[in-house]
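If you want the building blocks of each chain, they are given just below.
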Protein chains: 4
Amino acid sequence: MRRLDPVRHEGKRREILEAAGRCFVRHGFKGASIAAICTEAGISPGHLYHYFASKEAIIGAMADLRLTEMAQRFHDVAADKEAIPALLAELRRKKSRIRQATPMVLELLIESGRNPAIAKIMRESSRRMRDLLAELLRKGQASRQIDPAIEPETAATILMGVLDGLKIVALREPKFDTEKGLVMLETMITRFLMPPANGAQRDPGIADKRPDRALQ
Amino acid sequence: MRRLDPVRHEGKRREILEAAGRCFVRHGFKGASIAAICTEAGISPGHLYHYFASKEAIIGAMADLRLTEMAQRFHDVAADKEAIPALLAELRRKKSRIRQATPMVLELLIESGRNPAIAKIMRESSRRMRDLLAELLRKGQASRQIDPAIEPETAATILMGVLDGLKIVALREPKFDTEKGLVMLETMITRFLMPPANGAQRDPGIADKRPDRALQ
Amino acid sequence: MRRLDPVRHEGKRREILEAAGRCFVRHGFKGASIAAICTEAGISPGHLYHYFASKEAIIGAMADLRLTEMAQRFHDVAADKEAIPALLAELRRKKSRIRQATPMVLELLIESGRNPAIAKIMRESSRRMRDLLAELLRKGQASRQIDPAIEPETAATILMGVLDGLKIVALREPKFDTEKGLVMLETMITRFLMPPANGAQRDPGIADKRPDRALQ
Amino acid sequence: MRRLDPVRHEGKRREILEAAGRCFVRHGFKGASIAAICTEAGISPGHLYHYFASKEAIIGAMADLRLTEMAQRFHDVAADKEAIPALLAELRRKKSRIRQATPMVLELLIESGRNPAIAKIMRESSRRMRDLLAELLRKGQASRQIDPAIEPETAATILMGVLDGLKIVALREPKFDTEKGLVMLETMITRFLMPPANGAQRDPGIADKRPDRALQ
DNA sequence: GATGAATGAGGTTTCATTCAT
DNA sequence: CATGAATGAAACCTCATTCAT
């Protein structure tokens, strides 16, 4: 005579997770108290433990949620676009959400240095995004829109770092004109990825003094 | 009956700050306890309050120290170099220190979103670095090593973001081949900053479909 | 529309009580949680309260069960035997069950010092055992197998204490050679109970310096 | 410039331990709350942790204290007496203290089934008492006051069990006439230990049907 | 009968901070 | 300067119990 309703259960779990998310953004992982999360979620302190075994578990579930949905959305964006436009689209999407979600992802990054469970989740998510991005770059190289000398895996990692850097800019300079910055970042990425001008010999610049290493 | 030897006092303060730094790296701001810091510094809990009024004050002093020394070192590096080489030198220096110092700077960034005192210190430090970098870019433009179409202030901010992004790469993928990544990052920056090839018409790429906006 | 099948009800009650027993042995009365008992019994927390009004009630029922069955089994053993053999038989039975049941009976003893309800149950059970044992001793005295100078009630109490002491030996020294100990205990009881050698004047020993008091 | 005063520290520790002891007797290990112990000791809840790392540690220290002082006192009693008188003296001493200390020792016994640290302490204490008692028995055998057929180690263990059994009697029957019981117990022990009557052939009783096993 | 969601008091422990010495 | 005893609020978590379904 079972009556556990998995849908309701999962729904409540999600609600609590979202409340916890708001608290984490406001106060950080350590700073957000169970009591505060429960108040935010509208439940009693004890009841939270029907859904999560510990605060750690909440943070873990949070990491899973945030990083998975980040990878998923990037996947969606990438699905129906060419390489460079897909990348720039992700950039624009990120900008619009940056104020709210950023601190938590950064905190997950820091936490992953101390919490192996989080580290595992994050490595997995990073790997998925990187593979997707590298695949995108390879497609671009096949269609000659991206410099074939660029090694896709490494470039994917670097580009992810650049996207992350954008988040930090937002923290460092809250009043920064993001639209302006975004356009310039697009330029940077485009110039980085596009193939050298047809036939012409591009000025190699400093890095190109060791072109085999640089682009391989 | 001397009251205080300011030099000794300042020295002890610094020692405590360094001990605190080690604790902060290990456990975060909230996670590092006064007791742990005192143990690490080899003093008693009560005595710590002769040097710092509160834990907040320690974090503040820490922000001051870390961000100031970061700006200062960048200043040193930039002093006697041309624009692009200076930037790349900073990049290389960062790489060597990245494993240890990064989490704390990230934590300061996050803390600054919650703690106005830290935010103030960080904005000041960011401003100094950005101005310096912009000045460098301007010098590069004057000597025709850097694309004159680039707006220095915005580019400086973006470049700082890229440097920060490198830190995150290190957290995301601890086993990442940093040397390879570094070389590729150098390529990216170089291609971004260098002026278009002389006389030749560079393929504008996607972003260049709106070149006036992109390069401001 | 039947309301209740008393047999089924009682059966389930017993099942729960046994599950609770296993938990009590593992974790003690305070340490065993209702949740753990329910898991062990395979029912839901709410449902347990159809059978028992409270945790206290479970402990009470447990005391009833354990102490009653202990008295009952002693009764069975004693039924068809002579005095001393019956006592020794009980001793042997106890030895075989001692590892598992002991801690809970001890815990009931302690609990009875704090919980009047338990104390009442235990006094009743003790009284039954003592009366039975005293009766046995009296029968032994009538058939001249037991020293007539021994006062049956007091001796019964002492003998019960000795049986209990055996439990503690098992706790104190888990590796104790119980067979050896048992044989020696049998010797002790036998020497205590048996009448002085016929006609011979037994060496009174130290205690016998006040024989009237010692043997009452 | 150290100023830690080990004497004061140890004194306070002892005070707390005694307060904890009173609480443990009243409510048991699990039932006695840290808050209650602190109130009883007249300190704040947090301060207790300057002296004990955890509640477990308190129980451990308690076990150490109680069992050590029990062994020590038995040692003192045994020092200047003959075998049987020493044993009976310990018995009398135990009786006078039995109402208060018993439940805690029993609780330590139970706890030792669940807590290896306590178990270790207790085994050590048991071993010391048993060795001392066995030594006493051996001396008694040498001076012909104790039956030489008795194996000292096993008998020592059994006798300790009997002493413990006395504690349980006190719990089982709070109104039991302990003086009467004590005298009878003395008789039992005396009859058990004393050598067979000189020259006379003692009625072997039931156990003596296998005398080689029983007394060896 | 049976479930599991829900409560809220109370458990142990941590911690920044103060203060007498 | 320096210590460590001392505080008390608040942290995380557990648990017996109730109740709608």
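Residues numbered from 1 in each chain as written. Chains lettered and ligands numbered in written order. Predicted model: local features only at pLDDT ≥ 70, side-chain atom pairs only at ≥ 80, totals over all residues. Heavy atoms only, no water.

(A) Layout of the interface of chain B and chain A. Contacts between chain B and chain A engage 66 residues on the former and 63 residues on the latter. Roughly 6,200 Å² is buried in total at the junction of chain B and chain A, and carbon and sulfur atoms are behind 66% of that figure. Among the residues chain B hides against chain A, the three largest losses belong to B:Arg172, B:Met184 and B:Arg191. Together they make up 15% of the total. At the junction of chain B with chain A, the criterion picks out eight salt bridges. Between A:Arg130 and B:Glu173 there is a salt bridge; the shortest N-O distance is 2.6 Å. At the boundary of chain B and chain A, one finds 12 residue pairs in polar contact (both at pLDDT 80 or more). For the side of chain B that touches chain A, the leading source of residues is helix H7 (residues 152-172) of chain B, giving 14 residues. For the side of chain B that touches chain A, the per-class residue count stands at 31 nonpolar, 14 polar and 21 charged. (Contact = heavy atoms within 4.5 Å. Buried area = accessible area lost by both parts, 1.4 Å probe. Salt bridge = Lys/Arg side-chain N within 4 Å of Asp/Glu carboxyl O. Polar contact = N/O pair within 3.5 Å; in protein donor to acceptor, adjacent residues only side chain to side chain. Helix = DSSP H or I, 4+ residues; strand = E, 2+ residues; numbered from the N terminus. Nonpolar A, V, L, I, M, F, W, Y, C, P; charged D, E, K, R; others polar.)

(B) How the structure looks around the interface of chain C and chain D. Taken together, the contacts link 65 residues of chain C with 63 residues of chain D. Considering only the side of chain C, the residues that lose the most area to chain D are C:Arg172, C:Met184 and C:Arg191, jointly responsible for 15% of the buried surface there. Put simply, chain C and chain D have eight salt bridges between them. A salt bridge links D:Glu107 to C:Arg114, with the nearest nitrogen and oxygen atoms 3.5 Å apart. Applying the counting criterion to the chain C and chain D interface returns 12 residue pairs in polar contact (both at pLDDT 80 or more). For the side of chain C that touches chain D, the secondary-structure elements that each account for two or more residues are helix H1 (6-31), helix H5 (83-112), helix H6 (116-142), helix H7 (152-172), helix H8 (178-193) and helix H9 (211-214) of chain C. When residues of the side of chain C that touches chain D are assigned to their parent elements, the largest contribution, 14 residues, is made by H7(C).

(C) Main features of the environment of A:Leu171. Within the secondary structure layout, A:Leu171 lies in helix H6 (residues 152-172). Here the alpha-carbon distance between A:Leu171 and A:Pro103, two residues 68 residues apart in the chain, equals 8.3 Å.

(D) Layout of the domain arrangement of chain A. Residue and element names in this part refer to chain A. In terms of domains, chain A is made up of domain 1 (1-52) and domain 2 (54-193). Distance between the C-alpha centres of domain 1 and domain 2: 28 Å. Three residues stand out in domain 1 for area buried against domain 2, namely Leu 17, Phe 24 and Phe 29, and they jointly supply 47% of the buried area on that side. On the surface where domain 1 and domain 2 come into contact, there are zero salt bridges. Applying the counting rule to domain 1 against domain 2 returns four residue pairs in polar contact (both at pLDDT 80 or more). Examining the composition of the side of domain 1 that touches domain 2, we find that 10 residues originate from one element, helix H1 (residues 6-31), more than from any other. Of the residues belonging to the side of domain 1 that touches domain 2, the class tally is 10 nonpolar, two polar and three charged. (Domains from an automatic or database assignment.)

(E) Fine view of the relation of the copies chain C and chain D. Mapping chain C onto chain D leaves a residual RMSD of 0.2 Å; the transformation is a rotation of 180° accompanied by 0.0 Å of translation along its axis. A rotation of that kind, with that shift, is consistent with a two-fold axis. Residues of chain C ranked by C-alpha distance from the rotation axis are headed by C:Gly165, positioned 2.0 Å from it. A shared interface surface links the copies, since 95% of the contact residues of chain C are contact residues in chain D too. (Least-squares fit on C-alpha atoms with pLDDT ≥ 70 in both.)

(F) Structural view of the side chain of D:Asn115. Here D:Asn115 lies in the loop between helix H4 (83-112) and helix H5 (116-142). A polar side-chain atom of D:Asn115 sits 2.8 Å from a polar atom in the side chain of D:Glu56.

(G) Representation of unusual backbone geometry in the model. At B:Arg144, a residue that is not glycine, the phi angle is positive and equals roughly 65°. In this structure, B:Arg144 sits in the loop between helix H6 (116-142) and H7.

(H) Spatial organisation of the packing of helix H1 (residues 6-31) of chain D against helix H2 (residues 34-41) of chain D. Residues and elements named next belong to chain D. H2 packs onto H1 with a crossing angle of 125° between their chain directions and a minimal axis gap of 8 Å. The angle between the axes of H1 and H2 places the two elements in the oblique class. Relative to H2, H1 is oriented so that their crossing is right-handed. For the pair H1 and H2, the contacting residues are Ile 16, Ala 19, Ala 20, Arg 22, Cys 23, Phe 24 and Arg 26 in the first and Ala 36, Ile 37, Glu 40 and Ala 41 in the second. Among the residues making up the contact of H1 with H2, the classes are represented as eight nonpolar, no polar and three charged. (Axes fitted to C-alpha atoms, helices over the stretch in contact; angles between N-to-C directions. Parallel < 35°, antiparallel > 145°, perpendicular 65-115°, else oblique. Left-handed = near helix turned anticlockwise from the far one by under 90°.)

(I) Representation of the packing of aromatic side chains. Residues and elements named next belong to chain A. As enumerated under the stated definition, the model contains four aromatic pairs over all chains in all. Arranged with centres 4.8 Å apart and planes meeting at 90°, the rings of Phe 24 and Phe 29 form a pair that is edge-to-face. When sorted by exposure, Phe 24 lands in the same class as Phe 29, which is buried. (Phe/Tyr/Trp six-rings, centres within 6.5 Å; stacked < 30°, edge-to-face > 60°. Buried < 20%, exposed > 50% of the residue type's maximum accessible area, 1.4 Å probe, protein only.)

(J) The arrangement of the pattern of salt bridges in detail. Counted under the stated rule, the structure contains 67 salt bridges over all chains. A salt bridge links C:Glu153 to C:Arg138, with the shortest nitrogen-to-oxygen separation between them at 3.3 Å. Of this pair, C:Glu153 sits in helix H7 while C:Arg138 sits in helix H6; the two residues are 15 residues apart in sequence, bridging distant segments of the chain. The exposure class of C:Arg138 is partly exposed, given its relative accessible area of 37%. Ionic contacts of the salt-bridge type, sharing partners, join the residues A:Glu124, A:Arg127, A:Arg130, A:Asp131 and B:Glu173 into one network.

(K) Region of the structure containing the environment of D:Ala155. As for its placement among the helices and strands, D:Ala155 is situated in helix H6 (residues 152-172). When its relative accessible area of 0% is taken as the criterion, D:Ala155 is described as buried. When the C-alpha positions of D:Ala155 and D:Arg130 are compared, they lie 9.1 Å apart, and in sequence the two are 25 residues distant. If we skip the residues at most four places from it in the chain, D:Ala155 touches C:Met184, D:Leu137 and D:Ile150.

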